[in-house]
Each structure stands twice: as C-alpha cells, then as structure tokens.
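Here is how the chains run, residue by residue.
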Amino acid sequence: MAAEENLAGSIGNDTGGVAIEIEGSPAHLEAFLARLRAETPPLARIDSVRVHDLQPTGETGFRIVASEVKGQVATGIPADAATCVDCLRELLDPRDRRYRYPFLNCTNCGPRFTITRRIPYDRPQTSMAQFTMCPACQAEYDDPLNRRFHAQPNACWQCGPQLSLEAPDGSPILTVDPVETVIDRLLAGQIVAIKGIGGFHLSVDASSPSTVQRLRQRKHRYGKPLAVMVRDLEAARALCDLTTEEEALLQTPARPIVLARTRTANGIAPEVTPGIPWLGVFLPYAPLQHLLFADPRVKALVMTSANLSEEPIAIDNEEARQRLGAIADAFLFHDREILQRCDDSVVALVDGAPQIIRRARGFVPLGIELPFEVPPLLAVGGHLKSVFTLARGRHAYQSQHLGDLENLTGLEFFEDSLAHLMYTFEIEPESVVRDMHPGYLSSTWADKWAEERKLPVIEVQHHHAHIAACMAEHGLDGPAIGLSLDGTGYGTDGRIWGGEVLIARPDSFDRFAHLAYVPMPGGEAAIREPWRMALGHLHAAGIALDNPFICEALGTDTKEIAVLQKMTTRDLNAPLTSSCGRLFDAVAALVLRRREVDYEAQAAIELEGICIDEPDDIAGYSFQFESAAPASSTKLGAPGPGFPATGLRRWGGDPSLLGTWEGIEIDSAPLWHECLADLRVGQPPARIAARFHAGIANAFVHAAKQARTGTGIRQVALSGGCLHNRRLARLLRAGLEEEGFAVFQHRNVSPGDGGLSYGQAVVGAAIAKKQRRPESINRNAGE
Ligand SMILES: [Zn+2]
Ligand SMILES: [Zn+2]
Ligand SMILES: [Zn+2]
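Residues numbered from 1 in each chain as written. Chains lettered and ligands numbered in written order. Predicted model: local features only at pLDDT ≥ 70, side-chain atom pairs only at ≥ 80, totals over all residues. Heavy atoms only, no water.

### Remarks on the overall build of the protein
To keep it simple, the criterion reads: Per the convention used, a helix needs a DSSP run of H or I reaching at least four residues, while a strand needs a run of E reaching at least two, with both numbered from the N terminus. Throughout, radius of gyration means the C-alpha value; the globule benchmark is 2.2 Å times the number of residues raised to the power 0.38. Throughout this description, buried means an accessible area under 20% of the type-specific maximum (1.4 Å probe, protein chains only), exposed means over 50%, and partly exposed covers the range between. The method behind every accessible area is Shrake-Rupley, applied with a 1.4 Å probe, and residues are considered shielded solely by the protein chains displayed. Here the positive residues are Lys and Arg and the negative ones are Asp and Glu; neither His nor the chain ends is included. Note on charges: their place is set at NZ of Lys, CZ of Arg, CG of Asp or CD of Glu.
The number of helices and strands found in the protein is 22 helices and 28 strands. For 783 residues, the compact-globule estimate of 2.2 N^0.38 gives 28 Å, and the C-alpha radius of gyration of the protein, at 28 Å, lies within 12% of that figure. Taken over the C-alpha atoms alone, the protein extends approximately 85 × 70 × 50 Å along its principal axes. Evaluated residue by residue, the protein yields a buried proportion of 58% over its 783 residues. Roughly 31300 Å² of accessible area belongs to the protein as shown, and the carbon and sulfur atoms make up 52% of that amount. Within the protein, the 97 negative side-chain charges are centred at a point lying 2 Å from the centre of the 77 positive side-chain charges.

### Quick notes on the environment of Gly-764
Formally: The contact criterion used is simple: two residues touch if any of their non-hydrogen atoms lie within 4.5 Å.
Take Gly-764: it is sitting in helix α22 (residues 756-772). With near-sequence residues (within four places) excluded, Gly-764 lies in contact with Leu-377, Val-433, Ile-458 and Val-460.

### Here's the deal with the nonpolar core
This is how the line gets drawn: Each nonpolar core is a collection of buried residues, namely Ala, Val, Leu, Ile, Met, Phe, Trp, Tyr and Cys, held together in the definition by side-chain atoms within 4.5 Å.
Grouped together as the largest cluster of nonpolar side chains are 80 residues, with contacts concentrated most on Ile-481, Ile-666, Trp-672 and Leu-732. Counting residues per element, this core draws most heavily on helix α20 (residues 685-711), at 13 residues. Once residues lying within four places of it in the same chain are set aside, the contact partners of Trp-672 are His-537, Leu-538, Ala-541, Ile-543, Leu-583, Ala-586, Val-587 and Leu-590. Formed by 41 residues, the second largest nonpolar core is a distinct cluster that contains Ala-193, Ala-206, Ala-236 and Ile-356.

### Thoughts on helix α12 (residues 462-473)
This is how the line gets drawn: Under the convention used throughout, the expected extent of a helix is 1.5 Å for every residue step, that is, one less than its residue count.
In this model α12 runs 17 Å from its N-terminal to its C-terminal C-alpha over 12 residues, within 8% of the 16 Å that 1.5 Å per residue would give. The element α12 is extensively covered by neighbouring structure, given that 12 of its 12 residues are classed as buried. Among all positions of α12, only His-462, His-463, His-464, Ala-465, His-466, Ile-467, Ala-468, Ala-469, Cys-470, Met-471, Ala-472 and Glu-473 are buried.

### Quick look at the sheet that holds strand β17 (residues 431-435)
Counted only if it meets this: For two strands to count as paired, DSSP must find a minimum of two bridges between them. Every axis corresponds to a line fitted to the C-alpha atoms, with the helix fit spanning only the stretch in contact, and the corresponding angles, defined between N-to-C directions, vary from 0 to 180 degrees.
Across the sheet, which stays open at both edges, the 4 strands sit in the order β16-β15-β17-β18 with mixed pairing between neighbours. Each edge of the sheet is formed by a strand with only one pairing partner; in this case those strands are β16 (389-398) and β18 (457-460). Ignoring which end each strand starts from, the neighbouring axes of this sheet average 55 degrees apart. Helix-sheet contacts for helix α10 (residues 408-425) involve β15 (368-379) and β16, and the interaxial angle to β16 is about 155 degrees.

### Points about the coordination of the zinc ion (ligand 2)
For clarity, the threshold we go by: Donor criterion used throughout: N, O or S atom within 2.8 Å of the metal, extended to 3.2 Å for Na, K and Ca. Water excluded; incomplete-looking sites may result.
Listed as protein donors to the zinc ion (ligand 2) are Cys-134 (SG), Cys-137 (SG), Cys-156 (SG) and Cys-159 (SG); their distances from the metal cover 2.2 to 2.4 Å. Residue classification places Cys-159 among the buried residues on the basis of a relative accessible area of 9%.

### Quick word on helix α11 (residues 441-453)
An α-helical segment advances 3.6 residues per turn. Residues three or four places apart therefore align on the same side. Defined as follows: By definition, the arc is the one covered by directions from the helix axis to the C-beta atoms.
Under the 1.5 Å per step criterion, the end-to-end length of α11 is 18 Å for 13 residues, consistent within 8% with the ideal 18 Å. Here α11 has its buried residues at Ser-442, Ser-443, Trp-445, Ala-446, Trp-449 and Ala-450. All buried residues of α11 fall inside an arc of 160 degrees around its axis, so they share one side. Opposite the buried face of α11, by more than 90 degrees, sit the exposed residues Lys-448, Glu-451 and Glu-452. Packing partners of the buried residues in α11 comprise β15, α10, β17 and β18. Phi for Lys-454, located one or two positions after α11, is positive at around 55 degrees.

So, in structure tokens, the structure goes:
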C-alpha cells in the first residue's frame, strides 16, 4: 500500500505492536491511513491506530525492518489458521511447484501458536527455524507484493518439513507416497496415528463399526463421542442437519469441531456417538488433511485426540511411539516440531449463538477482554477440564484446554504451558487465584507455587467464579443475579454446591437460594454411578426405596439399597450436595436406566438428547420453595401466593451482609413424586425428560423473580456446566425474558469448568483491588 501511495519509510514488528514510519504528500498520507484501517488481510486484527507527527527525512523507498525486542509485550502470537483457498488451489494443481506438498501455507493461513517458542512471532522463534528456505521460497518471503511475504512457516518440497511413515515397532514403512499408503490402510480398517498441527490424531474410517469399536477398546474410551472430519461443507450437510450459523462456524479459520444434529442413516457407524443425537463434525484445516480427502474413496474419518482417556494429546514423535504404540497400527510423522500442544476446539450453537465448549486450536492464545484493569495475576482454574488464565491490564489470556491434572503428564502440560505463556506475554503474576477447595490438585499446586515466589493466594468460590466469568464477558461489573447450574463445586459451608442463585458482584456474592441439599451416597462414586444419586434424591424426597418398581428401574436390589440407605441415614460417606448436574444424573438414572457413566455428564447429555424433538411448552415438574421460616413455604407449579418478599433482607452490595441471607431452598421432592407417577403410567422417557427440563427452568426463573423482588436487580447471568445443555439454556432465557429480565449467556468462554479460571481472574483482581484501597468501600452503599 505504501508503494501504491508513493510513500517512503519503514515498517517493523516490535513487542509494542507494529510501528510504521512514513513520509510523502499529505493527500497520500491521508489515503494510506484510511486504507490501513479498511483493507486488512484476512487474519489481521487492528485493535487501535495511534498517529504521531515526525520531521520528514527525505528518504526514498519503503523498507521492512527486522523485529525489535524491547519493553512490555503487547502484540500476541496469532492463533493457528486453516489452509486458505489460494493455498488449497495450489495444493491440488499439478502445475504448481507445491502440488501435494503437505505443509504449504501463506500469510493468510497456516500454523502459528503451535510452532512458536516466543514472541515476536518471527521465523527464528518458531520450529521452522531449522529449515532454511530455498531461493524460490526466500524470494517470496522477501517480496512485499507476494502472498508469502513474511509468512514465517513458508516452505516447499525443496526446503521444508517432510512426511514419514512408520510401523508400531519403529521400522520405516517404505512407500513413494505416504499419504496414499495411509489412505489404503485406513480403508482396510487400520488405526493410524497422524501428526497434525497441535498434536497427533488417531484416525479411523468412520463408517466401519468394527474399526471404531477397536479404536474405543484400545484407547479405553468406551462411551465418549468421537469427532468426525469430512471433505467439505457438502459432505458435512449429508451427516448433520446444519443451520446457516453452524455452516458458518464450520468454515471459520479456527475450523472448530461443531456439535450438530445428526441425520439418520448418514453412513457413520453408530459407535461414533452412542446414545446421543449430535455429532461433532469438522472440516480439514491442514494441507495433509486436504490430501487425505482428495482421494474420492475417503468419505469420513474419525479424528480424535491421540491420547489414553484423559491424558494430554501427544505431540512429539518419540512420545507418540511410546504412548500410542499399543493403539495405532501405523504412524504418519513429520519433522516439524509441535511446540505447543493444542487440541481441536469445540463449538456449539446454544440458544441461537455460538458458544465455545473447548477453547483450544484456532482460539488460543487470543486475548479476552476484561471489564476493568487488573494487576498481573495467575488464576489456576478448577479440578477437571483444567485451563488457567494469565491476566494483566484489560486482557485475559486463557491457556488451551489442558485436560485433567490427575496424571503426571497432565501436570507437566500445565506447567509447560504456563511457563510458555508467561514468557510469551511477559506476565509475572503478583498474585495467584485458586478455588476455595483445599483438596483440588490445582489448589495445592497454586499454594506451593505462590509460596516459592512469596505471592499472596486469593481463594474464590467455584460458582462465584462461574458467574463472574459470564458477567465479565459482557462487561457487567454487577450486581447481577447469577444462576450457577453446575456439576460440583466447594461451597463456603464446606458442602458441595451446584444449583445456586447468587447475588453477584466481581468482588463478592450472596447465596440467595439453592437446590435443597440431598445426600450423595458414596461421595465421588455417585458421580460415576448416577443410580446412587437417584437413591439419594428419592430418599431425600421421602419416597420408600424398597419397592420393586424403583429397584427394577435403577437396576438394583433391596440389599444394595439397604447399604446405601445406611450410608445416608448414618451420614457415612454421603456428603450433602445442592448440585444441579447431580439432579440431572439422578433423573437420567431413573428414566434412562443409566446406572453408570463412562464420561463426565454422560447421563445428563443423554437426557437432553432423548427429548430433542419434544416441544418446549410442556408442563414442567414442580419444586417446593422453602425459606428458613417454615410458614413461607410455597409449591411452585401449584396455584397460590408467591414467595413473600417481606422475609427478605434488602441487599445493597454491602460486604458485611455476606452470608446473611436466610437461604431459600428449592426442594425437588415434588418433582420425584410426579416423575414416578409418569413412569408408572408408562409415559415415554422423552416426555418425562422434557417435563424435567421445563421444571428446572421454571424453578430457577421463579427464584430469579424472588431475587429481583428482594434486590431490584434485573440482570441475570447464566453459568455452570449445565448451561452446555441447549434445551435448558433456551428455556431459561425464554422464561427470564418473558419476566422482563436482561439475560446474559457465555459466548467466548465456556460455561463449564473450562471457563472457570477466567472468572477466578476477575474475582481475584476485584478482591485484590478492594484490599489495596479499603477506604473506598462505602459500607452503606445502596441501602
Ligand atoms: Zn494460504
Ligand atoms: Zn522452498
Ligand atoms: Zn463448575
């Protein structure tokens, strides 16, 4: 553009951004500035342009100068981007010098974050440093008018990374064309480990039930849905019923896995998504994947993260040989190092808008804005689905999805990724934020890490963090009514929370109402075995358990029930919980006869799945609302007066009022009686599941109304793992909007524990700010 506008000067990357020094006639300078803002390349994002006047130097020509490293980092590493249409054309053009070259890319596409060691993002700082460009590539790289001008991973057959094929015993598989050999093997029913952009995939033919079954057995992953890659949008349409928004999501440069409604008889083996009506589908995003699908015999491939169950995805050739040797029949390697592990991202359309379920490749490490300035800090997240957040100023940087910390590789991945992002963004945390639960691995890790560095530790309640994350995404600094419908999180009373109505501000919250406590017989075991949760709920509802109908439905007998009953009545290993996720599990156990689960939230996901075609406006099951004062009990669903507002204390944001609510309990006992009655008369499970969803939504809309009566707050933030449930999210929004609430849902941050650390960062920063300026708190504010 500078050349076209006849301007002289220079441009360079530095850690503060992009600096352009430019001189010429005022008209041309004006035109340049306007075009700079308007004509951005596909992957560029201009946050702001600042202009300063300089004395002209009289220089001629326009130069690109080498990157300078100084001061605090403001430019990021770009996220990885899918192969662009120009590169795809070259890939499949026999006359092009990069015909079928599996690593071609340009400034508009290619790997970024996953190959970068540190910023500024320049070739010597990436794993392309070891490949010296051939003269042809170098000429493209140096030509400002070329599409590969300063494309850091630029490469070709002559000078770039290459493929190699290996047997599980380490011996090379000799072939002229590794891609064609891999295709032959896939079609013959083999499992192939394929090194990709952010890690290895395990790939199999998605149409073969026996092959998919073998993959599940070898991977020890029996029930969890697998993602399927297909050639193009047309092929995706044949597998799933796609909305326009879902089609757009599939084609974004991030190329996430999109969860969409499965079409019947679509040729995909039922073993890919057992028991659920959705399929995670995605399109090729790397040249190698396009080459696989260039063969018309290849229709649909399972592409699942190459790991054993919950371990992190494998990235290193040697690591893959060791960890996947017993799973894969062949290995397709390449010699470009993956420096950052990054799974595929998962996105779903929730209540009409995209929601990130797993934030990884294509999104990391893009910053997420914060509603206020924060000091440098680290928030370590929760227990499962680990993701940490580094924050400074108005930006939060979430790590990629790190998986469970429970195994050693998981913990190493956490530490490596933290070191890398701290280094990359030059963030030196001044405090560490963690969950209140003292026993979480992330908590003990945070305490140790902070102690070594003599940093303060800030504890944040789990569901407060969830709500704060949703509020911050929408720039709300509160107060808001927070509906935190979740699996499990540690409460301030030491019990297990998860069905919470909070009055939330960034620095504090009040527990306005919650699902009534029920026992979790066997503690953690009740999460893996939902039938235990059903017994806990039935017991709490005062329903006799030793009846043949219940025994049969739960696949148990009176002996087993007696053991559990002893646990609950004697309070032995039966902690109390107000979890909404566990309520879903319990209903699913009874209605779907789902005794055990293979993966987290499986029962709840199946319960949502079974009623996918039921209408929304169905009569919900009832809940009972009870306050500490027994006289003010109201049954929701039955005609009668609403909850009397007189019993509620007016909340004015005063921290001294924390924990002084009397605590409305939302009791699910009526639900269980109605649900059992429906089961007894043979109502179909789909109808029962729909009535249950409607009941939950009604109950929490009602609770929000009570909270508004008590506080005057009209904003509602929805968060927690249960908000992945599309029916629930839709019903809640509709119900709340009908009552005149402004409703806020997650978009860029996961409502589940993957988004937790972002909320922790917000709360941690708000608390730190309050501690630093105690005089600024107006103790009578709003009263
Ligand atoms: Zn390209
Ligand atoms: Zn080359
Ligand atoms: Zn949670």
